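# Overview (structure and organization)
Listed below, chain by chain, are the residues.
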Amino acid sequence: SIQLPATVGNGSLVINYLIRFGSVKHPLLDRNLLLCTGFARMFLLAVSMHCGFIGGVIFPLLTIGVIAGVVMHQMYPFIHLGLCLSTFMVSIAAGIVPIPITLTVLSSFILYLGVYETVPIFIACMISYFFVGGSGLLQHVSRFVSNRNQVHVALDSNSSTSNTTEAVEAVPETKIVEIDKIAEMSKNNS
């Protein structure tokens, strides 16, 4: 937190400073520093969510989106800062959290935007939601991880048949044959 102080906290205090000191008019924040901060926030968010720390995922994702928007504005200064901030802030969060309309309204209230400025935010939010969340990509990844964990449970408990049966019942029908073959092979080898 000493090298990258913007990685600590939920980001509500950091957003104003990122906007003020990261814009092209006052480029006090280097692009590389912002990119490192964004990746560090993503890593620390994943670690804290998997370790059981309390807190939500929405405001850290909004902060990562603000960082991405400031970097985009630094790379392409002819795109308006408000457009970069609002679209990135919403689209990064909408890819992971399935609340696109709420994120659009939240972004327009945070940045004091009108109806005409909200339309590109809504379009970016819906595109991100449908390509990542609505396509089922996150569900397929979570199913793959849970099936892999269940196979490990079935293999670890192959010494007693009751535990193997319980583990196999938790796995979808398409995986039962594969688990039975693996369990038989491990019994034959021992």
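Residues numbered from 1 in each chain as written. Predicted model: local features only at pLDDT ≥ 70, side-chain atom pairs only at ≥ 80, totals over all residues. Heavy atoms only, no water.

### Topic: helix α2 (residues 31-51)
Here is the rule we go by: Each helix is a run of DSSP H or I of at least 4 residues and each strand a run of E of at least 2, with the numbering of both proceeding from the N terminus. By this rule the span expected of a helix is its residue count minus one, scaled by 1.5 Å. Burial status follows relative accessibility: with a 1.4 Å probe on protein chains alone, a residue under 20% of its type maximum counts as buried, one over 50% as exposed, and anything between as partly exposed. Whether two residues touch is decided by their heavy atoms; if any such pair falls within 4.5 Å, the residues are in contact.
Its 21 residues give α2 an end-to-end C-alpha distance of 30 Å, which sits within 8% of 30 Å, the value for a rise of 1.5 Å per residue. Those residues of α2 lying buried are Leu34, Thr37, Gly38, Ala40, Arg41 and Leu45. Those residues of α2 hidden inside the fold are in contact with α1 (14-22) and α3 (58-75). Positioned one or two residues after α2, Gly52 has a phi angle of 90°, which is positive.

### Here we look at the environment of Lys25
Summarising the element assignment, Lys25 is placed in the loop between α1 and α2. The spatial distance from the C-alpha of Lys25 to the C-alpha of Gln74 is 9.6 Å, given a sequence separation of 49 residues.

### Thoughts on the packing of helix α4 (residues 81-96) against helix α5 (residues 100-110)
So the rule is basically this: Orientation is described by axes fitted as lines to C-alpha atoms, over the contacting stretch for helices, and by angles from 0 to 180 degrees between their N-to-C directions. Note on angle classes: values under 35 degrees are labelled roughly parallel, values over 145 roughly antiparallel, values of 65 to 115 roughly perpendicular, and the remainder oblique. Throughout, a crossing is termed right-handed when the near helix is turned clockwise from the far one, and left-handed when it is turned anticlockwise from it by less than a right angle. Gly falls in the polar group here, along with every residue not listed as nonpolar (Ala, Val, Leu, Ile, Met, Phe, Trp, Tyr, Cys, Pro) or charged (Asp, Glu, Lys, Arg).
At a minimum axis separation of 10 Å, α4 and α5 run at an interaxial angle of 150°. Between α4 and α5, the angle falls in the class roughly antiparallel. Where α4 crosses over α5, the handedness of that crossing is right-handed. In contact with Ser86, Met89, Val90, Ala93 and Ala94 of α4, α5 contributes Leu103, Thr104 and Ser107. Taken together, the residues that form the contact of α4 with α5 break down as five nonpolar, three polar and no charged.

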